[in-house]
Amino acid sequence: EAAEAAEAAEARAAEVGARAAPSPYGGTAHPPGAVEAALEEYAGFVEAEWLTEAVAIERTAASLAAGEILALWASGGAEYGPRALGRRSIVADPRNAAAVDRLNRLVKKREPFRPFAPSVLVEHAGEWFEGVPPSGSPYMSFALPCKRRDAIPAVCHVDGSARLQTVGGEADPRWRALIAAFFALTGVPLVLNTSFNTRPAEPIVEGPANALAAFLHVASEASGGEAVSGGEAASGAGGSAQGGAEEGAEEESAEEGGIDRLLLLLGDGRAALVRARRCPLAAAGAAAAIARAGEAGEARLGGAAPAR
């Protein structure tokens, strides 16, 4: 019965997706090897654990359910437009009201009342929001009343509304898989989703090097100039865990960190979970690398409008 229900849900998502507008991922795509090159460039500042895509998605869903905030960069064309739709996103647990303050204060650097959007599996959208159009809201275009506001306070505005993205057949299947994994763990078929940019008036990140620079910018600020690292880190395909002292450091810094980890999905079945290193000498180098990435981005993107 469970398998039949899952098949029915997928069929419903595909049906709604087929009626929706075309894929939103018409932006820039990056060549094979771009992630590895970016990780090599930032090797002094980050530690990457290599996993299969499926394991990384399950691990990320569990981290979200435990209260972490993660950034996501996925291979393929970027979102074409002002909204993050699952390839250049910052993601959190919609049940966690404290995530709103943490994101606005430490990541977005903006007013504390600013809301965040939900991304919801399209077949469950009507259970959580009123007035969902027959074709869904795949581009985060509609602000609709929340039906269960108390259950998802991080994505419902003060007036009880939410500007939602429905995630169906038009979405990146890895994005659907992450939300489905979170649903399986929590019973909540949606996540908080905001654009992956970490400074005021900064556009949404583009390539993997840009994603690493934005991630490090927040991690460096969160620790007063030193890059923040967690306890479990690795390099290469297998990886190795580090000692308990760093695990304690992760717990101490988690509440004040803007983003805990960065998930890079390569598109070939591999993924990298990235943490920032804790190193007294990393701050100056990270700041310089971030500045170089910012200058390069400004030169390349020109007057691009900031993502919201």
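Everything in this summary refers to the structure shown in the same document. Quick caveat, the model's predicted, so the values are computed rather than measured.

Conventions we followed
Residues numbered from 1 in each chain as written. Predicted model: local features only at pLDDT ≥ 70, side-chain atom pairs only at ≥ 80, totals over all residues. Heavy atoms only, no water. Buried < 20%, exposed > 50% of the residue type's maximum accessible area, 1.4 Å probe, protein only. Helix = DSSP H or I, 4+ residues; strand = E, 2+ residues; numbered from the N terminus. Pairing = 2+ DSSP bridges. Salt bridge = Lys/Arg side-chain N within 4 Å of Asp/Glu carboxyl O. Contact = heavy atoms within 4.5 Å. Axes fitted to C-alpha atoms, helices over the stretch in contact; angles between N-to-C directions.

Now for the pairing of strand β9 (residues 270-276). Most of β9 is tucked away: 6 of the 7 residues are buried. The sheet contact formed by strand β1 (residues 46-52) and β9 spans 7 bridges and is antiparallel. Across the sheet, residue Trp50 finds its bridge partner in β9, namely Ala272. Bridge analysis of strand β8 (residues 261-265) against β9 gives 4 bridges, and the strand direction is antiparallel. Across the sheet, Leu263 pairs through a bridge with Leu273, a residue of β9. Counted between consecutive antiparallel strands, the loop separating β8 from β9 contains 4 residues, among which Gly267 sits at a positive phi close to 90°.

Should their charged atoms come close, side chains of opposite charge can pair. For the coordinates displayed, the defined rule picks out 13 salt bridges. Here Arg59 makes a salt bridge to Glu49, at a shortest N to O gap of 3.2 Å. Of this pair, Arg59 sits in helix α3 (residues 53-65) while Glu49 sits in strand β1, and the two are 10 residues apart along the sequence. Since its relative accessible area comes to 9%, Glu49 is described here as buried. Arg105 is paired through a salt bridge with Asp101; the nearest N and O atoms lie 3.2 Å apart. You can see Arg105 and its partner Asp101 sitting in helix α4 (residues 98-108), 4 residues apart, about one turn around the helix. What makes Arg105 partly exposed here is its relative accessible area of 39%.

Turning to the environment of Pro133, a few remarks are in order. With respect to the helices and strands, Pro133 occurs in the loop between α5 (125-128) and β5 (142-145). Sequence separation of Pro133 and Leu144 is 11 residues, and the distance between their C-alpha atoms is 10.0 Å. Not counting residues up to four positions away in its chain, the partners in contact with Pro133 are Phe142 and Leu144.

Attention now goes to the sheet that holds strand β3 (residues 88-92). Taken in spatial order, the 9 strands of this open sheet run β1-β9-β8-β2-β3-β7-β4-β6-β5, and their pairing is mixed. Two strands close off the open sheet at either side, each with one partner strand: β1 and β5. Going across the sheet, the axis of each strand differs from the next one's by a mean of 35°, ignoring polarity. Judged from the 3 bridges that link them, strand β4 (residues 117-121) and strand β6 (residues 161-167) form a sheet pairing that is parallel. Opposite Ser119, over in β6, you have Gln165 as the bridge partner. On the sheet, helix α2 (residues 34-41) packs against β1, β2 (70-74), β8 and β9 and is oriented at approximately 150° with respect to β1. Sheet strands touched by α3: β1, β2, β3, β7 (190-195), β8 and β9. Its angle to β1, the strand with the most contacts, is close to 120°.

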